[in-house]
Amino acid sequence: MSEHVTPKRTYFAIWAALLALTYATVAVSRIDLGRLNTIAALTIAVCKALLVVLFFMHVRYSTRLTKLVVVGGFLWLALMVGFTMADIVSRKWIPIPPN
């Protein structure tokens, strides 16, 4: 198994992208987009997570098995979030009576 050497400029570019995405998160949080606020925040968070996983955790240069395990982890997370959201949406909420 050969080692892959990543240039420092790649790490600095990823760091700059993470800073820009963090700024975008703050900027989007200050704008009222209605229901799209959550979608925008999650989209930015997924982009940041992908950058960290691919470059800082070196998954981009790993074996196919490692990539499969990472994709499986993300699919499992999506499944758990999906089940949780399905449960929340399907409940009939009982209003709390005022005291």
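Because the structure is a prediction, the values reported are computed rather than measured.

**Q** How should I be thinking about the overall build of the protein chain in this particular structure?
**A** A tally of regular secondary structure across the protein chain gives three helices and zero strands. Counting from the amino terminus, the protein chain carries its helices and strands in the arrangement α-α-α. For the protein chain, the spread of C-alpha atoms along the three principal axes comes to 65 × 35 × 20 Å. Counting the 99 residues in the protein chain, one finds 10% classified as buried. Long-range pairs, those at least 24 residues apart, make up 51% of the contacts in the protein chain between residues at least 6 apart in sequence. Summed over all atoms, the accessible surface of the protein chain reaches about 8600 Å², with 72% contributed by carbon and sulfur.

**Q** Would you mind showing me how to read unusual backbone geometry here?
**A** One non-glycine residue with positive phi stands out, namely His 58, at about 60 degrees. Checked against the element boundaries, His 58 lands in the loop between helix H2 (36–56) and helix H3 (64–90).

**Q** In this structure, what is going on with H2? I would like to understand it.
**A** One turn of an α-helix holds 3.6 residues; hence residues three or four places apart share an orientation. With 21 residues, H2 ought to run about 30 Å at 1.5 Å a step, and its terminal C-alpha atoms sit 29 Å apart, in line with that. Within the sequence span of H2, burial applies to Ile 44, Leu 51, Val 53 and Phe 55. Downstream of H2 by a residue or two, His 58 has a phi angle that is positive, lying close to 60 degrees.

**Q** How do you make sense of the pattern of salt bridges when you look at a structure like this?
**A** Side chains that carry opposite charge are capable of pairing whenever their charged atoms lie near each other. A complete count under the given rule lists one salt bridge for this structure. A salt bridge links Arg 91 to Asp 87; the shortest N-O distance between them is 2.8 Å. Its relative accessible area of 47% is what places Arg 91 among the partly exposed residues.

**Q** For this particular structure, what's the right way to read the nonpolar core?
**A** Here is a general trend for soluble globular proteins: nonpolar side chains tend to be buried in one another's company. Of all hydrophobic cores here, the largest spans seven residues; its members are Ile 14, Leu 18, Leu 21, Val 28, Ile 44, Leu 51 and Phe 55. Discounting residues that sit within four places of it in the chain, Leu 18 has contacts with Lys 48, Leu 51, Val 52 and Phe 56.

**Q** Explain the environment of Ala 49 here, please?
**A** You can see Ala 49 is positioned in helix H2. Along the sequence, Ala 49 and Phe 12 sit 37 residues apart, while their C-alpha atoms lie 16 Å from each other.

What counts as what
Residues numbered from 1 in each chain as written. Predicted model: local features only at pLDDT ≥ 70, side-chain atom pairs only at ≥ 80, totals over all residues. Heavy atoms only, no water. Helix = DSSP H or I, 4+ residues; strand = E, 2+ residues; numbered from the N terminus. Buried < 20%, exposed > 50% of the residue type's maximum accessible area, 1.4 Å probe, protein only. Contact = heavy atoms within 4.5 Å. Areas by Shrake-Rupley, 256 points an atom, 1.4 Å probe, with all protein chains shown as cover. Expected span 1.5 Å × (residues − 1). Salt bridge = Lys/Arg side-chain N within 4 Å of Asp/Glu carboxyl O. Core = buried A, V, L, I, M, F, W, Y, C linked by side-chain atoms within 4.5 Å.

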